[in-house]
Amino acid sequence: MKYEIDLTPGRLARQTADCIQWVVLALILIAIEHSTVTGMKVAAAGDLNTEVEQQRGAQTSLYQEPSVIIYSGEYPGWPWVTKDSEGVLYCVFREGERHGFSSRGRIMLSVSRDSGKTWASAKTIIDKPGIDDRNTAITALKDGTLFLSFNEYTKDQKSQAYSVISQDRGVTWSTPTPMGPEETRTRAAAVELSDGSLLAPLYCPSTNDGRCIAARSIDRGKHWNIADLPNADSFVGDEWDVTEVAPGRLVGLSRNRFREKKSYLWAIESSDFGKSWGIPRRTNLHTGTTPAPAKITVFCGKPLVIYPNQRFVSVSAVTTSDPEYLKWDINAPSGGYRYYSNGAAIHDGSYVSPVFLSANQLLIVDYEIRDDSKAITARILTIPDCKERGVK
């Protein structure tokens, strides 16, 4: 078959137009194929990041500056806050020269009598020369006693957990009493259980023998019975917190000393006031790529966890209806905040401790190491109260 090109002006124009249409159609088909492949790649990446986005998505607009600066200093860190029966707030923290060992590491206390709006000048309450006194936490017991835990840390990286008490609202403190075996550290405050005993969450940081430790006292901290919590496949116990969700039933959350791509929190349970513990199980909570502990408490009859859902970037408060405390409502947080409006990270921080000011107000203390400041901070968040949560 012989094909001839008609070079008359009209016919040539039509042939040119037809050619252009075919070229355009070919380009469209190529573009569609490319976008389909790209979309598949984006979808795959999205599948990998779904869990991260669920934890971060609801937080993206929750930038909030600190409501108040409790203390500014050299390198303050790891605060804890409690409230006594008269509404007085006590915040303890460690001040030192750096994140690591500091020969001038000391425990400091600041007090607020107006629901966290203003704070008294911090004073040193524990300072052993040449020792880094750190990892402190405080709780107000029902009888008004302030119970404080901390650990000593030496230049050669040896640790020992201790406790002290105050019966005059923090003016004077008892002589430190060891709380557990050698090589133990603290993070969270002791919990006063419904049977009157105290349960202190300790941990051993040993590379070969790391584990969570439950120290239990029936004589207000004079003597302690020790229970070693088990580890699990891909889990080594570390800094942890615990709460009593029902009489005798304790639920703890621990960060993992075993390094993972994502730093998940693991749940640990006891049904006998902390005398024995079950096998740890991984939750859907994680703190991003950098491990950090969480605070677990009970609010409106349900557990509430405050934790950094991306350490150094943001903090979130979440609840759960899961009776096993493994699946938390990470995509529907009760509140939270970011350190910077653009989602940037601070240099160090994200060790949070909350206290309820009212039925729907939560004060969260934190430490924040930035280029231009190093401080213990507090933010007051409004969260749904029991009525809003449908709890009578």
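Trainee: Looking at this structure, how should I read the overall build of the chain?
Mentor: When helices and strands are counted, the chain shows one helix and 26 strands. Within the chain, buried positions represent 51% of all 392 residues. Contacts in the chain between residues at least 24 apart in sequence constitute 49% of all its contacts with a sequence separation of at least 6. With an accessible surface of roughly 18500 Å², the chain has 53% of that area assigned to carbon and sulfur atoms.

Trainee: What is the right way to read the pattern of salt bridges from this model?
Mentor: Two side chains with opposite charge may pair up if their charged atoms get near one another. For the coordinates displayed, the defined rule picks out 22 salt bridges. Measuring nitrogen to oxygen at the nearest pair gives 3.5 Å for the salt bridge that ties Glu152 to Lys128. Highlighted residues: Glu152 in strand E7 (residues 146–153) and Lys128 in the loop between strand E5 (123–126) and strand E6 (132–140), separated in sequence by 24 residues.

Trainee: Mind showing me how you'd approach the packing of aromatic side chains here?
Mentor: Any pair of aromatic rings gets described here by the distance separating the centres and the angle formed by the planes. Tallying each qualifying case throughout the model produces ten aromatic pairs. Measuring from centroid to centroid gives 4.8 Å for Phe235 and Trp266, while their planes differ by 25°, and the two rings are stacked. Taken together, the residues span a long stretch of sequence, with Phe235 in the loop between strand E14 (225–228) and strand E15 (237–246) and Trp266 in strand E17 (residues 264–270) at a distance of 31 residues. Exposure class is identical for Phe235 and Trp266. Each is buried. Ring pairs connect the aromatic residues Trp78, Tyr351 and Tyr367, which therefore count as one cluster. When the ring centre of Tyr340 is taken as origin, the NZ or CZ atom of Arg370, which lies over that ring, is 4.7 Å away. Above the ring of Tyr337, the side-chain terminus of Arg379 is found at 4.1 Å from the ring centroid.

Trainee: Mind showing me how you'd approach the pairing of strand E21 (residues 314–319) here?
Mentor: Along any regular strand the residues' side chains alternate between the sheet's two faces. Most of E21 sits out of view: six of its six residues are buried. Direction of pairing for strand E20 (residues 302–310) relative to E21: antiparallel, over a ladder of five bridges. From the neighbouring strand, Leu304 faces E21, where its bridge partner is Thr319. In the sheet, E21 pairs with strand E22 (residues 335–338) via four bridges, with the strands oriented antiparallel. Pairing of Ser314 across the sheet is with Arg338, part of E22.

Trainee: Looking at this structure, I do not really get the sheet that holds E7. What am I missing?
Mentor: Reading across from one edge, E6-E7-E8-E9 is the order of the four strands in this open sheet, with antiparallel pairing throughout. The sheet is open, and its two borders are formed by E6 and strand E9 (177–178), each paired with just one other strand. Bridging between E6 and E7 involves seven bridges; their strand directions are antiparallel. Along E7, the bridge assignment pairs Thr139 with Phe147.

Trainee: Help me understand the side chain of Ser149, please; the structure alone is not making it clear to me.
Mentor: Here Ser149 lies in strand E7. Those residues in contact with Ser149 that sit more than four places away from it in its chain are Asn135, Thr136, Ala137, Tyr162, Ser163, Met179, Thr186, Ala188 and Ala189.

Trainee: Would you take a moment to explain the sheet that holds strand E18 (residues 281–286) for this structure?
Mentor: Strand pairing in a sheet relies on backbone hydrogen bonds. The paired strands run either parallel or antiparallel. Ordered in space as E15-E16-E17-E18, the four strands form an open sheet in which the pairing is antiparallel. The open sheet has two free edges, formed respectively by E15 and E18, since each of these has just one partner strand. Going across the sheet, the axis of each strand differs from the next one's by a mean of 30°, ignoring polarity. Here E17 runs beside E18; their pairing, made up of three bridges, is antiparallel. Residue pairing in the sheet places Trp266 in a bridge with Arg282 of E18.

Trainee: How do you make sense of the nonpolar core when you look at a structure like this?
Mentor: If you look at soluble globular proteins, the nonpolar side chains tend to sit buried side by side. Counting 21 residues, the largest nonpolar core has Ile70, Val81, Cys91, Trp119, Leu363, Val365 and Ile376 as the members making the most contacts within it. With residues up to four places along the chain from it excluded, the contact list for Ile70 reads Cys91, Ser110, Trp119, Val365, Ile376, Thr377 and Ala378. By size, the runner-up hydrophobic cluster in this structure holds 20 residues, among which are Tyr90, Ile107, Ile125 and Ile138.

Trainee: What is the right way to look at unusual backbone geometry in this model?
Mentor: A negative phi angle characterises most non-glycine residues, just as the trans form characterises most peptide bonds. If you check the backbone angles, Ser234 has positive phi at about 70° while not being a glycine. With respect to the helices and strands, the residue Ser234 is situated in the loop between E14 and E15. The backbone of Cys300 sits at a positive phi, close to 55°, despite the residue not being glycine.

Trainee: What's the story with the side chain of Arg187 in this structure? I'm lost.
Mentor: One can find Arg187 in the loop between strand E10 (185–186) and strand E11 (191–192). Dropping the residues within four chain positions of it, Arg187 is found in contact with Trp78, Pro79, Trp80, Asn135, Thr136, Ala137, Pro201, Glu239, Pro293, Tyr351 and Val352.

Trainee: How do you make sense of the environment of Gly210 when you look at a structure like this?
Mentor: Here Gly210 shows up in the loop between strand E12 (198–204) and strand E13 (211–217). Separated by 27 residues in sequence, Gly210 and Gly237 have C-alpha atoms that sit 6.2 Å apart.

Trainee: How do you make sense of the confidence of the model for the chain when you look at a structure like this?
Mentor: Parts of the prediction with low pLDDT should not have their coordinates interpreted in detail. Considering every residue of the chain, the mean pLDDT works out to 87; 83% of them sit at 70 or more. Taken together, the stretch residues 1–17 has pLDDT below 50 and engages in five contacts with residues farther than four places along the chain or on a different chain. Here residues 28–61 is modelled with pLDDT under 50, and outside its nearest four sequence neighbours on either side it reaches 29 contacts, counting other chains as well.

What counts and what doesn't
- Residues numbered from 1 in each chain as written.
- Predicted model: local features only at pLDDT ≥ 70, side-chain atom pairs only at ≥ 80, totals over all residues.
- Heavy atoms only, no water.
- Helix = DSSP H or I, 4+ residues; strand = E, 2+ residues; numbered from the N terminus.
- Buried < 20%, exposed > 50% of the residue type's maximum accessible area, 1.4 Å probe, protein only.
- Contact = heavy atoms within 4.5 Å.
- Areas by Shrake-Rupley, 256 points an atom, 1.4 Å probe, with all protein chains shown as cover.
- Salt bridge = Lys/Arg side-chain N within 4 Å of Asp/Glu carboxyl O.
- Phe/Tyr/Trp six-rings, centres within 6.5 Å; stacked < 30°, edge-to-face > 60°.
- Lys NZ or Arg CZ within 6 Å of the ring centre and 35° of its normal.
- Pairing = 2+ DSSP bridges.
- Axes fitted to C-alpha atoms, helices over the stretch in contact; angles between N-to-C directions.
- Core = buried A, V, L, I, M, F, W, Y, C linked by side-chain atoms within 4.5 Å.
- pLDDT = per-residue confidence, 0-100.

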